[in-house]
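Chain and residue survey
Spelled out from the first residue to the last, the chains are:
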Amino acid sequence: MAETADLAAERAASIVRAIFIEAITSQGFCNWAVCGGNTPRTTYKLLAERSVDDSIAWDKVRFFWGDERDVPADDQQSNYRMLKETLLDHLAIDHANVYPMPADTADIDAAAREYEQQIRQLLPTGNDGIPQFDLVMLGMGADGHTASLFPNLPILDETNRLVASCYVPTMKRRRMTFTFPLINAARHVLMLITGDDKAEVVRRVFTDNDQSLPAAKVNPRHGKLTIVLDNTAARVLES
Ligand code: 6PG
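Around the ligand sit 15 residues, and of these Thr39, Asp67, Arg69, His145 and Ala147 come closest. A distance of 2.8 Å separates an oxygen atom of the ligand from a polar backbone atom of asparagine 38. For the ligand, whose accessible area on its own is 410 Å², the fraction buried by protein is 88%. Looking at side-chain class alone, the shell around the ligand contains 2 nonpolar, 9 polar and 4 charged residues.

What follows is the structure, encoded as structure tokens:
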């Protein structure tokens, strides 16, 4: 647990960098699924700042998205736009290694199937035949959702599809998202959660293991789960 959101972002950036260096050293590349929302912005900006004198071969990193909203890539709500502004525009990389989620399309489910095929073609698979990301980054909403896996949606029980689409009633929008089989196949999952509004759901997920909350279903089968919280999100954990 980090004292402040900025220190949590620093911690997350250090973890991301360490995973990149290990993966690139051992296999020559790193497959990273980023998350959206506001929390990771500072982490992405820190990675951009440190890329100036970096020991990371950024051209060996492949960028994927763990979820995306059904908006154009230049929309304020776009997770692609957020990473582009905070990190990608500051890196000297070949954008052929950047794989945005094509969620802004009429047939979002067909697009999800195509994205899944792209992942299956590009990534190594584990013994269970599921592609293994070196790192899947996740946040968590105050309702316990993670990626675009929201409470009470059928997609939470998906066992075959690795990337799928869903309609989110609380947002009245469609989303494209990794499903738990793909998330939980990762070599490393990093959950970065800050803010007092998350404190109660943090306790329900990480202390009570409340399986009604999607974030409680993040449980890498063979990989490592790291949770980075700031003191406000961890507030109830300590009481
Ligand atoms: C998204 C994210 C989502 C996010 C949570 C937390 O597309 O919105 O992938 O799962 O991590 O909603 O969002 P904040 O970081 O803005 O609180």
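Moving on, we come to helix α2 (residues 41-50). Along an α-helix, residues three or four apart share an orientation, since each turn contains 3.6 residues. Among all positions of α2, only Thr43, Tyr44, Leu46, Leu47 and Ala48 are buried. Looking at the packing, one finds that the buried side of α2 touches α1 (5-27), β1 (30-34), α3 (79-86), β5 (135-138) and β8 (188-193).

In terms of nonpolar packing, the biggest core is built from 84 residues, with Trp32, Trp58, Phe63 and Phe178 touching the most fellow members. Here this core takes 10 residues from α1, the largest share from any one element.

Here is what the cut-offs are and how they apply
Residues numbered from 1 in each chain as written. Predicted model: local features only at pLDDT ≥ 70, side-chain atom pairs only at ≥ 80, totals over all residues. Heavy atoms only, no water. Near = heavy atom within 4 Å. Polar contact = N/O pair within 3.5 Å; in protein donor to acceptor, adjacent residues only side chain to side chain. Areas by Shrake-Rupley, 256 points an atom, 1.4 Å probe, with all protein chains shown as cover. Nonpolar A, V, L, I, M, F, W, Y, C, P; charged D, E, K, R; others polar. Buried < 20%, exposed > 50% of the residue type's maximum accessible area, 1.4 Å probe, protein only. Helix = DSSP H or I, 4+ residues; strand = E, 2+ residues; numbered from the N terminus. Contact = heavy atoms within 4.5 Å. Core = buried A, V, L, I, M, F, W, Y, C linked by side-chain atoms within 4.5 Å.

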